[in-house]
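A closer look at the structure
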Amino acid sequence: MNNNSKIFLAALAGAALGVIGGILVAPASGKETIEDLLDRADDLKDELEDIADKSKKQVNDFGDKVAQNISEAIKTASETIAKEKKA
């Protein structure tokens, strides 16, 4: 996980804690507070799933690029060796 992801997750966690703290001190009934907390938890879960999906895609894309670069490097090296053997 890179630094930007860590910072984003820390900010998201801080925001979630702030929302929870605000809900807990807000003048609402216990039932309303629990419903609000559950709604916010669902929203946070959805956001975290989106972040995980995007991160997974980025890792897969990076892996594909690395595999392609390695394949191209092997091909170039093989061609160079074949040319050197003929010379």
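Placed above this text is the structure.
Below is a short write-up of the structure. For clarity, every value in this text was computed on a predicted model and none was experimentally measured.

A look at the overall build of the protein
- Scanning the protein for helices and strands turns up two helices and zero strands.
- Once the C-alpha set of the protein is aligned to its principal axes, its extents read approximately 85 × 20 × 5 Å.
- Classification of the 87 residues of the protein by burial places 5% in the buried group.
- Accessible area of the protein: about 7300 Å², with a carbon and sulfur share of 60%.
- Within the protein, one finds 12 positive and 16 negative side-chain charges whose respective centroids are separated by 14 Å.

Digging into the environment of A16
- In this fold, A16 is placed in helix α1 (residues 3-25).
- Sequence-wise, A16 and L44 are 28 residues apart; in three dimensions their C-alpha atoms are separated by 7.5 Å.

Some thoughts on a nonpolar patch on the surface
- A surface patch of nonpolar side chains, about 420 Å² in accessible area, is lined by L17, I20, L24 and V25.
- Looking at where L17 falls in the secondary structure, it is placed in helix α1.
- L17 gets classed as exposed once you look at its relative accessible area, which sits at 61%.

Notes on the pattern of salt bridges
- Evaluation of the coordinates by the stated rule reveals two salt bridges.
- For K45, the salt bridge identified is with E49, shortest N-O distance 3.7 Å. Of the two residues, K45 and E49 both sit in helix α2 (residues 30-86), four residues apart, roughly one turn of that helix.
- A relative accessible area of 38% places E49 in the partly exposed class.
- D61 is paired through a salt bridge with K57; the nearest N and O atoms lie 2.8 Å apart. Residue D61 and its partner K57 are located together in helix α2, separated by four residues, close to a single helical turn.

Side note on a negative patch on the surface
- On the surface, E32, E35, D36, D39, D42, D43, D46, E47, D50 and D53 cluster together into a negatively charged patch.
- Relative to the elements of secondary structure, D53 occurs in helix α2.

A short note on α1
- Here α1 contains 23 residues, and its C-alpha end-to-end distance of 33 Å stays within 8% of the 33 Å for a straight helix at 1.5 Å per residue.
- Buried residues along α1 sit against α2.

Side note on the environment of A13
- For A13, the position within the fold is in helix α1.
- With relative accessibility at 39%, the residue A13 sits in the partly exposed group.
- In sequence terms A13 and L44 are 31 residues apart; their C-alpha atoms lie 9.0 Å from each other.

What counts, and where the lines are drawn
- Residues numbered from 1 in each chain as written.
- Predicted model: local features only at pLDDT ≥ 70, side-chain atom pairs only at ≥ 80, totals over all residues.
- Heavy atoms only, no water.
- Helix = DSSP H or I, 4+ residues; strand = E, 2+ residues; numbered from the N terminus.
- Buried < 20%, exposed > 50% of the residue type's maximum accessible area, 1.4 Å probe, protein only.
- Areas by Shrake-Rupley, 256 points an atom, 1.4 Å probe, with all protein chains shown as cover.
- Lys, Arg positive; Asp, Glu negative; His and termini not counted.
- Charge placed at Lys NZ, Arg CZ, Asp CG, Glu CD.
- Patch = residues over 30% accessible without salt bridge, like charges linked within 9 Å, V, L, I, M, F, W, Y side chains within 5 Å.
- Salt bridge = Lys/Arg side-chain N within 4 Å of Asp/Glu carboxyl O.
- Expected span 1.5 Å × (residues − 1).
- Contact = heavy atoms within 4.5 Å.

Just distances and angles here, no functional claims.
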